[in-house]
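# Structural features, examined
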Amino acid sequence: MPELPEVETTRRGLAMQLEGRKIARIEARRPDLRWPLPRDFAARIQGRRVLGLERRAKYILIRLENGPGQGDLIWLIHLGMSGRMLLRPGGWPNAIGKHDHVIFTTDAGWSVTFNDARRFGAMDLIEPGELASHKLLRDLGPEPLDDAFTPAALIAALKGRRTPMKSALLDQSVVAGLGNIYVSEALFRAGIHPERLAGCVSPKRLQRLVPEIKQVLLEAIAAGGSSLRDYVQSDGELGYFQTFFRVYGHEGDPCPACGRPVRRIVQAGRSTFFCAACQT
DNA sequence: CGCGCTCCCTGGCCGC
DNA sequence: TGCGGCCAGGGAGCGC
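Summarised in this report is the structure supplied together with it. (Residues numbered from 1 in each chain as written. Chains lettered and ligands numbered in written order. Predicted model: local features only at pLDDT ≥ 70, side-chain atom pairs only at ≥ 80, totals over all residues. Heavy atoms only, no water.)

## Considering the overall build of chain A
Stated precisely, the cut-off is as follows: Helix numbering and strand numbering both begin at the N terminus, where a helix is a DSSP run of H or I of at least 4 residues and a strand a DSSP run of E of at least 2. Burial classification: accessible surface area is computed with a 1.4 Å probe over protein chains only, and a residue below 20% of its type maximum counts as buried, one above 50% as exposed, and the rest as partly exposed. The contact criterion used throughout is that any non-hydrogen atoms of two residues lie within 4.5 Å. A 1.4 Å probe and the Shrake-Rupley method give the accessible areas. Residues count as covered only by the protein chains that appear here.
Across its full length, chain A holds six helices and 10 strands. Here the C-alpha coordinates of chain A stretch approximately 55 × 40 × 30 Å along the principal axes. The buried share of chain A, taken over its 280 residues, is 49%. Across chain A, every contact between residues at least 6 apart in sequence was considered, and the portion connecting residues at least 24 apart equals 67%. About 12,700 Å² of surface is accessible on chain A, with carbon and sulfur atoms providing 49% of the total.

This is the structure we're talking about:
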């Protein structure tokens, strides 16, 4: 269930065991995920030291040591819709599942299994200096938790747009990292109707939306982080999210603010949940 | 160019 | 219990 908070939680869990370690052994058990893996994928990662883990939007970026005088090699990972990273002690795993597509171990004896039933996930290797121009990263908008994501920035990004607010916030070039769930949650918190056209929402209301986006993401990350174990990987399926969401997945339930039933509509082929009384 | 729709793939769940 | 239909959190690509 990876949107920004789940990806960030996964990044933190991986960082605890990977930073400073070498990738001892790695195996790609099929040649492709969403797209073909890059040439010599496993061979290019095996034996390298992990310098750090970063996140951009919903992408995890693993920085790999690349020899003296050369820039770092970046291992990009996207979890897609069903991707999970399972972190376990004890070396190469004994049991390997049907959808365990990439498996690797560290020199400290931990294993990581990338499992992705729907295979919408992706991995790539990015050469030194090519991060900013990478096809999947170059058009991304601001990180919602960055100081650069301000009401003024959002107002400018939405100016003149004739698309509904729901679709606009799903557009990763407007703000990078929100997905279907947190868009519903943020619009509910900000009291903005999801069908309202983005370019027509008043600056005053967008002023309120920006801190609500930051707040809901920070709360979700805190909820995920609090459930982090150092080996059972958190991927958001632990149950703590059901109670976290105020409208998402709550069609027909009473609105937490006014008690009227939460409604579900379909926009651009995806479910949106909202309260028709509180969101105008 | 901006927008909405369709599709990629697989599994889980619901109703019959 | 089996089966068909529907649903799923991402996002690229295409057509209008």
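That covers the picture; the talk isn't over yet.
## Focus: helix H1 (residues 4-18)
Side chains of residues three or four places apart in an α-helix project in the same direction, reflecting 3.6 residues per turn. The criterion, for reference: One less than the number of residues in a helix, times 1.5 Å, gives the span that helix is expected to have.
The terminal C-alpha atoms of H1, which comprises 15 residues, lie 20 Å apart, in line with the 21 Å expected from a rise of 1.5 Å per residue. The element H1 is largely enclosed, with a buried count of 13 among its 15 residues. Backbone geometry just downstream of H1 places Gly 20 in the positive-phi region, at approximately 85°.

## Quick look at unusual backbone geometry
The phi angle at Ala 57 is positive, at roughly 55°, despite the residue not being glycine. Take Ala 57: it is sitting in the loop between strand E2 (50-56) and strand E3 (59-64). Unusually for a residue other than glycine, Arg 119 sits at a positive phi of about 55°. Residue position: Arg 119 is located in the loop between strand E7 (110-116) and strand E8 (122-126).

## Regarding the protein's contact with DNA strand B
Filter applied, for reference: One heavy atom suffices: a residue is near a molecule or strand as soon as one of its heavy atoms comes within 4 Å of it. The term polar contact refers here to a pair of N or O atoms within 3.5 Å; inside protein, the definition further demands a hydrogen-donor-capable atom paired with an acceptor-capable atom, and it admits residues adjacent in sequence only when both atoms are side-chain atoms. When residue character is reported, Ala, Val, Leu, Ile, Met, Phe, Trp, Tyr, Cys and Pro are called nonpolar, Asp, Glu, Lys and Arg charged, and the others, Gly included, polar.
Near DNA strand B the following residues occur: Lys 98, His 99, Ala 117, Arg 118, Arg 119, Phe 120, Arg 161, Arg 162, Thr 163, Pro 164 and Ala 268. Contact distances for DNA strand B include 2.7 Å between a phosphate oxygen and a side-chain N or O atom of Arg 161. Here a phosphate oxygen of DNA strand B sits 2.8 Å away from a polar atom, N or O, in the side chain of Thr 163. When the residues that make up the surface near DNA strand B are grouped by side-chain class, the tally is four nonpolar, two polar and five charged.

## Quick word on the sheet that holds E2
Paired through backbone hydrogen bonds, the strands of a sheet run either parallel or antiparallel to each other. Test applied: Paired strands, in this sense, are two strands between which DSSP finds at least two bridges. For every element, the axis is a line fit to its C-alpha atoms; helices are fit only across the contacting stretch, and the angle between N-to-C directions ranges from 0 to 180 degrees.
Spatially, the four strands line up as an open sheet ordered E2-E3-E4-E8, and their pairing is antiparallel. Of all the strands in the sheet, just E2 and E8 have a single pairing partner and so form its edges. Direction aside, the axes of adjacent strands within the sheet are offset by 20° on average.

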